[in-house]
Amino acid sequence: ISLPHSEYSVAVYYIIASSEASANLARFDGVKYGFRAKDAQNLIEEYTKTRTLGFGDEAKRRIMLGTYSLSSGYYDAYYLKAQKVRNLIAKDYEKVFSNEVDFIITPTTPTTAFKIGEKLNDPLSMYLSDIYTISINLAGVPAISIPIGQDTKKLPIGLQIIGKHFDELGILKLSKFFEN
């Protein structure tokens, strides 16, 4: 099958996801929503401490990228363009499921699992681990990841089953078939 716009999934996803994270997390001020830092002397200090202590490095990274993507002069170039490509990705899946196949089976990730904490200092590597799941999320089609074994280090290997809209039952039945 051909899903020609999937090659843009990582870039599109991280623009859209970080933009939405930035917009949603902007309201987490420590007053009405979210973690509240203690011992602030004034409102500005409270916001600064709350956001410094309340968000991890990855959340801060996404907020900064999203704020940039949504800022004046960049919205059309990044966020709006990413939304247009997202629609193309969804249409690719619609075409394949309406004309060619009932399910798509892929690995869940390009490598077997890595140990907890192993990639903390390599966010790009962690982002690229999502390469096979991102286009599905952008297209809004249902999918499931099931364990199908272990690598030589006894870390799990995942298989992903992707289906057309509203065929969750078909995906679950096929998952049960593989499990058996």
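Keep in mind that what you see is a predicted model, and the values were worked out from it rather than measured.

### What to know about the pattern of salt bridges
- By the definition in use, this model includes two salt bridges.
- Lys 164 is the partner of Asp 102 in a salt bridge, and the nearest nitrogen-oxygen pair spans 3.7 Å. Remark: Lys 164 occurs in the loop between β3 (156-163) and α7 (168-179) and Asp 102 occurs in the loop between α4 (76-99) and β1 (103-107); sequence separation between them is 62 residues.
- The exposure class assigned to Asp 102 is partly exposed, which follows from its relative accessible area of 47%.
- Judged by its relative accessible area of 31%, Lys 164 falls in the partly exposed class.
- One salt bridge in this structure joins Glu 179 and Lys 176, with 3.6 Å as the shortest N-O distance. Taken together, the positions of Glu 179 and Lys 176, both in helix α7 and three residues apart, correspond to about one turn of that helix.

### As for the sheet that holds β1
- Here three strands make up an open sheet; going across it, the order is β1-β3-β2 and the pairing antiparallel. Since the sheet does not close on itself, it has two edges, and those belong to β1 and β2 (143-150), each with one partner. This sheet shows a mean twist of 25° between the axes of neighbouring strands, independent of strand direction.
- Examined bridge by bridge, β2 and β3 share seven bridges and lie antiparallel to one another. Looking at β3, one finds that Ser 145 is bridged to Gln 160.
- Contacts from α4 reach β1 and β3, with the element oriented near 120° to β1.
- In this fold helix α6 (residues 131-139) packs onto β1, β2 and β3, with an angle of close to 25° to the strand it touches most, β3.

### Remarks on the side chain of Ser 19
- Here Ser 19 lies in helix α1 (residues 9-25).
- Here Ser 19 falls in the buried class, since its relative accessible area comes to 1%.
- Here Ile 15 takes part through its backbone oxygen, which lies 2.7 Å from a polar atom of the side chain of Ser 19.
- Residues within four places of Ser 19 in sequence aside, it is in contact with Gly 66, Ser 69, Leu 70 and Tyr 79.

### Let's talk about the confidence of the model for the protein
- Across the protein, the average pLDDT comes to 87, with 95% of residues at or above 70.
- Put simply, helix α5 (residues 123-128) is where the protein has its lowest mean pLDDT, 76, and β1 is where it has its highest, 96.

### A word on the environment of Ala 17
- Tracing the sequence through the fold places Ala 17 in helix α1.
- You can call Ala 17 buried: its relative accessible area is 16%.
- Residues Ala 17 and Thr 109, 92 residues apart in the sequence, show an inter-C-alpha distance of 19 Å.

Cut-offs and rules
Counting restarts for each chain: residues are numbered from 1 in the order of the written sequence. Selection of residues for local features in this predicted model requires a pLDDT of at least 70, selection of side-chain atom pairs for listing and counting requires 80 or more, and totals for whole chains, interfaces and linings are taken over all residues. Excluded from the side-chain calculations are hydrogens and water; all other atoms, namely the structure's heavy atoms, are used. A pair is scored as a salt bridge if a Lys or Arg side-chain nitrogen falls within 4 Å of a carboxyl oxygen belonging to Asp or Glu. Note on conventions: DSSP H or I runs of at least 4 residues are helices, E runs of at least 2 residues are strands, and numbering of each starts at the N terminus. Relative accessibility thresholds used throughout: buried, under 20% of the residue-type maximum; exposed, over 50%; partly exposed, between the two (1.4 Å probe, protein chains only). For two strands to count as paired, DSSP must find a minimum of two bridges between them. Note on geometry: axes are C-alpha line fits, over the in-contact stretch for helices, and angles between N-to-C directions span 0 to 180 degrees. It only takes one pair of heavy atoms within 4.5 Å for two residues to be counted as in contact. Whenever a nitrogen or oxygen atom comes within 3.5 Å of another N or O atom, the pair is scored as a polar contact, on the condition that within protein one atom can donate a hydrogen and the other can accept it, and that pairs from neighbouring residues in sequence are kept only if both atoms are in side chains. The predictor reports its confidence for every residue as pLDDT, a score running from 0 up to 100.

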